[in-house]
Amino acid sequence: MFGYGRSNFTWNGTLRELEGRRAPCITERGRPSMTASPSSSSGLEVLLSSLQNAGDVESTINIINVLDELLSAGTDRRIHYMISKGCSEALLTALVNTGRSFSPNFNVLLPLLHLLAKIGHRDRRIGVKAEDAGAALLTLNLLRQNIKYARRAAACLWVIQVFSSSVSTANLIGENHGLETIYRLIPHFTTENLHTIKAAIDAFAALLCTRANVCSVVSKGYVSGLLRLYEDWHAKAIQHAAVAICHSLLRCLHKVTHSTAGRQALVSQGGIRLLYGATQTCLLSKGLESLVEPTVQLMRKCLTKTPLPLTSDWSAYSFPVPGRAHAVPAMDVQPDENSDESDDNEAEAVFDDDLETDLNKLRLRPDPDRPKELLPQYSRLCPELSQDFQELCLCSEPEESSAASSSSSDEDAVLVSGLQLQRSGTDGGWSESSNSSSASDTVGHAPAAAHLEARDFHSHRSILTTSSSFRTQVRDASDDACRGQSGEDEQDVDASNHRSMIDRLLEKHGPCIPHHDPKMYRAAAATTKSIPGFSVLAFPDVWGHLPMPGHEPMAPRKPNVQRQKVFEDAQRFLITDGIINQVVFDLEDSSLQCPSDSLRFFSKFECGNLRKAVQVRRCEYDLILNADANSSQHTQWFYFEVSNMVAEVPYRFNVINCEKSNSQFNYGMQPVLYSVREALEGRPHWVRTGTEICYFRNHFCPARGRRKTTFYTLTFTITFKHNEDVCYLAYHYPYTYSALKAHLKVLQKSVDPATVFFQQQVLCCTLAGNPCPVVTITACPASRAWKDMHQLRNRPCIMLTGRVHPGESNASWVMKGTLEFLCSSDPVAQSLREAFVFKLIPMLNPDGVVNGTNRCDLSGEDLNRQWSKPDPVLSPTIYHTKGLLYYLSSIGRTPLVFCDYHGHSRKKNVFLYGCSVKETLWQSGSAVNTVGLKEDPGYRTIPKTLDRLAPAFSFNSCNYLVEKSRSATARVVVWREMGVLRSYTMESTHNGCDQGIYKGLQTGTRELQEMGVKFCHSLLSVTKDVKSLYSQRLISHMDNNVVDHKSHNCFEDDEPPCVEEIEYSADCPGLSAADLDSDVNAHTTAADEDEEGDEGPGEAKLRRGSVGQSLQSSTRGRLFPPAM
Ligand SMILES: [Zn+2]
């Protein structure tokens, strides 16, 4: 039989002989041409040149054999060398020359087509080259003429598949009815011609790379045919080869369903049910296992887009923004039906394009955004400068501090109105005073203290009313609660009852949570203003939280969990028995009645976010999150109460409108849960919980409008420990604005005013009228002697801010650690207070935090993109923080360090972003010469120190690049406009660490607070004269506390590889070059079985003559440069 595989070919000639026959060759379109000078032409070029001009069959076959040998024995580098030397062009020319004749010689054509398939698959421009040579349609014609001959047809099909890598070639073949030809020839062949069938389906799939071809296939109704073929072949798939055909058919279906029409055709032709049925049998057979994943993906992709069951995508919370017409924008556009499934809407900026390379923008300070005259108002925020410490010696409590703690709201009002007076008239636009009054008129829902008390402990009350065993435990409290409920008009009585209820609970169960006082929390919450006017407190916020003893490891990912979940989702459409689909909670409809045996949900409390809950099956719920206020997007954060559960039953929860394209939930992160019953039994912990956690793209689309939105499902399963408990579930450890207010009061009480200068003031009021606290912490001077006072007034300033993004509650826990440490009696803290004045703005976005938004403030803007020119009315906290920074600069007290605390949902560890001109230019590959650029490398001191001190910190995750897209963030603006060298964003993971002593563990609030402490420790590294300022004792104290956590080695990937693909945008994988090679090779070497008609009479003779020795290495040496 004919064979030209690696072991049987002839190479009798020499290069010299070949050279003798050489003739000038193709030079069209400037591709590598054969040089006419024998001295400069390589052996390979000679060989190729001969191929195109060889007249006789034998030498052509010989050359093809040599080339095939070279290809099979070589590396990719050699193949690419061959391509660069014009191998594809030579083969195409030979193909056209041979194939054009009236009766082409398949003794030449077959090996030629096979070689062309193998080389062409590695040549990215093969399609264009084929078109130029006129080989594309020629091959299609050859196919049509040889449909009866399985081997010839297969060879043509492989080449067509390879040519279709170019869109224009694929379209050309499509326009010339290539798809019909191939589609119709498939049934011609039987299981004896598996190779040809597979080649046909692969070629068909390859042609579907263009929109035009997909449309044509769908309009001709081929989807149904492909599905039937799949059904047939799946039934035959016991044989391995048939499995490969099934894969090829799935590839066709995946490509067809890139289009909406294709997906609709698949669904209308019963494709989902067919695929579902096929998958069921796959799961039973090990050999068919590999078909499951692509089938499940195909089902998921084609499930009919289901609009979220909402009347509007717009947030349930809207807020009249000053200066903006208050109307929900007309967004009633139909969902974008044409959006390709493959389009990923994630707008991750391409890194290098985003880097700022304009040296002027990197180095020159822009003009201030406001006149100098507006700055003196901020002198009030530097009380340490004006403080006369006379009283310090006389009375135990500084006057200002006590004022702040007793009636801060009155003081706030004065301060704020003072600001307004100074500001009014300076601005042509919206006047601040008129705005804030209108805002507080329309929103300003601060629940009256008594009212709040009357209805607080919502959760607790429900425990009392639902659980009989629990009732006995807190019967007294229950009585109080009932009385409180009935007598809401008698507020005084009511309040006192509740006060006693809290007191009794505290007496009975009271855990001692450091720096937390439930009664103080309640008082703080009473003045918090929210859009809906919250009147209920979430139990964990009131009661407090203690970190779990010990560490919580990341959750192992169950194999195939995503497949299983998608499968269950597909079942909803196919097996409707047991599907309930009943709304059991609606934020906007409090009258909703739900079945007695369903879970109860609630989220109308501070930081709460759950808009709707739908019971899908008996123990499965779809949860829909509320978009950020005045917005229709940014859903990710959740925090809600759940009750009426049965113990030891697994409940599946699906948060179905998440927006980020990936999440640490796929990499070991778990949501957090707080059980009221556990808390009252002495375990007041938020715990990481949930199994079968998975985050994946789903089939939901917006209710109305908002094009191109892709939603993701976060699914997790929870088995509650107690019957009829009341539990809270959250994206991450909640930390409310009221918690901050209460915490600052507790801290204020805790410090020794004789040594610690602690003052809380109001930076400004937010849009909703919530005061934004600013805290000054430093050491009181040792005495009123000039030297001590002078030292105080010349202490460098450090400014720390946080929680500009409300969904990043971890930032608040880090800030809590920082605040507590700075107020503590720790010797390092004491030294830091003596060395620096700390200005802390712990919560830059109180309104967002209060109303449970994820990213924005009430105007629907990301406040961390407003720093360039913050609007005094719309972004007051940013405007005034920047004002304070300008003021500090104007009095020569520019902060030494600025750091904005954030949280990161897609990365592990804690790390810093800083700013460096040199690193940005280097990284961008900019042509700017950086040799002469001077840059203080001091921006690296803190990250380096943190790497040594803080176990969660990873130096290798830090970067110092200035991106254009981040030019309006705090970090970049403070660096560029204020000239703060050490200006950072600190990102803390929502998940955990992949290095150091916390490797494999999820972070808890303990680790987050520790990070806040370590950040303070690292500040000692920026004091120039540590030794003169601090005693050796202190240094050794630091050294003893250093944990060398060995994080210096991890240039690891951002994410460890997942057990399975977690992204859907990746299509069904295409055929690799190796796959095609093995198809072609299997065909040529297994060609011993006669295929009728494939061989002409001359073939046997030729084959016999072609059995020869293998290519000698000396010849190879002359054909290629060394080492190929
Ligand atoms: Zn952030």
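This section reports on the structure supplied with the text. Keep in mind it's a predicted model, so treat the numbers as computed, not measured. (Residues numbered from 1 in each chain as written. Predicted model: local features only at pLDDT ≥ 70, side-chain atom pairs only at ≥ 80, totals over all residues. Heavy atoms only, no water.)

**Observations regarding the sheet that holds strand β3 (residues 582-586)**
Pairing between the strands of a sheet is mediated by backbone hydrogen bonds and can be parallel or antiparallel.
Here's step 1: Read from one edge of the open sheet, six strands run β3-β5-β6-β8-β13-β11, paired in mixed fashion. Either end of the sheet is taken by a strand with one partner, and the two such strands are β3 and β11 (691-697). This sheet shows a mean twist of 20° between the axes of neighbouring strands, independent of strand direction.
Here's step 2: Here five bridges tie β11 to strand β13 (residues 712-719), and the two strands are oriented antiparallel to one another. Paired with Thr691 across the two strands is Thr717, which belongs to β13.
Here's step 3: Against the sheet, helix α33 (residues 561-574) touches β5 (612-617), β6 (620-624), β8 (650-658), β11 and β13, its axis set at about 70° to β11. (Pairing = 2+ DSSP bridges. Helix = DSSP H or I, 4+ residues; strand = E, 2+ residues; numbered from the N terminus. Axes fitted to C-alpha atoms, helices over the stretch in contact; angles between N-to-C directions. Contact = heavy atoms within 4.5 Å.)

**So, the pattern of salt bridges**
A side chain with one charge may pair with a side chain of the opposite charge, provided their charged atoms come close.
Here's step 1: Overall, the coordinates contain 35 salt bridges when judged by the stated rule.
Here's step 2: Of the charged contacts, one joins Arg572 and Glu620 as a salt bridge, the two residues approaching to 3.3 Å between their closest N and O atoms. Taken together, the positions of Arg572 in helix α33 and Glu620 in strand β6 put the pair 48 residues apart, joining distant regions of the chain. Summarising the burial analysis for this pair, Arg572 and Glu620 share the class buried.
Here's step 3: Linked by salt bridges that have partners in common, Glu568, Asp569, Arg572, Arg617, Glu620, Asp622 and Arg652 make up one network. (Salt bridge = Lys/Arg side-chain N within 4 Å of Asp/Glu carboxyl O. Buried < 20%, exposed > 50% of the residue type's maximum accessible area, 1.4 Å probe, protein only.)

**Some remarks on the packing of aromatic side chains**
Here's step 1: Scanning all chains against the criterion turns up 33 aromatic pairs.
Here's step 2: Where Tyr621 meets Phe653, the ring centres are 6.3 Å apart and the plane angle is 25°; that geometry is what we call stacked. Here the residue Tyr621 occupies a position in strand β6, and Phe653 occupies one in strand β8, the gap between them amounting to 32 residues.
Here's step 3: On the accessibility criterion, Phe653 (0% relative accessible area) is buried. (Phe/Tyr/Trp six-rings, centres within 6.5 Å; stacked < 30°, edge-to-face > 60°.)

**Quick word on the side chain of Asn845**
Here's step 1: Locating Asn845 in the fold gives a position in the loop between β18 (837-841) and α39 (846-850).
Here's step 2: Side-chain polar atoms of Asn845 contact the backbone nitrogen of Gly848, separated by 3.0 Å.
Here's step 3: A polar side-chain atom of Asn845 sits 3.1 Å from the main-chain carbonyl oxygen of Cys856.
Here's step 4: The contact partners of Asn845, leaving out residues within four places of it in the chain, are Arg803, Val804, Pro806, Arg855, Cys856, Asp857 and Leu863. (Polar contact = N/O pair within 3.5 Å; in protein donor to acceptor, adjacent residues only side chain to side chain.)

**Looking at the coordination of the zinc ion**
Here's step 1: The protein atoms donating to the zinc ion are His805 (ND1), Glu808 (OE), Glu808 (OE) and His902 (ND1), with metal-donor distances spanning 2.1 to 2.3 Å.
Here's step 2: For the zinc ion, the four donor atoms are set out with angles of 59 to 151° between them, so the coordination reads as irregular.
Here's step 3: Of note, the donors binding the zinc ion are all from one chain and are spaced H-x2-E-x93-H. Of the two residues, Glu808 sits in the loop between β17 (797-802) and α37 (809-822) while His902 sits in strand β19 (residues 897-904), which places them 94 residues apart along the sequence.
Here's step 4: The class of His902 is buried, set by a relative accessible area of 2%. (Donors = N, O, S within 2.8 Å, 3.2 Å for Na, K, Ca; no water. Tetrahedral: all angles 85-135°; square planar, octahedral: opposite > 155°, others 65-115°.)

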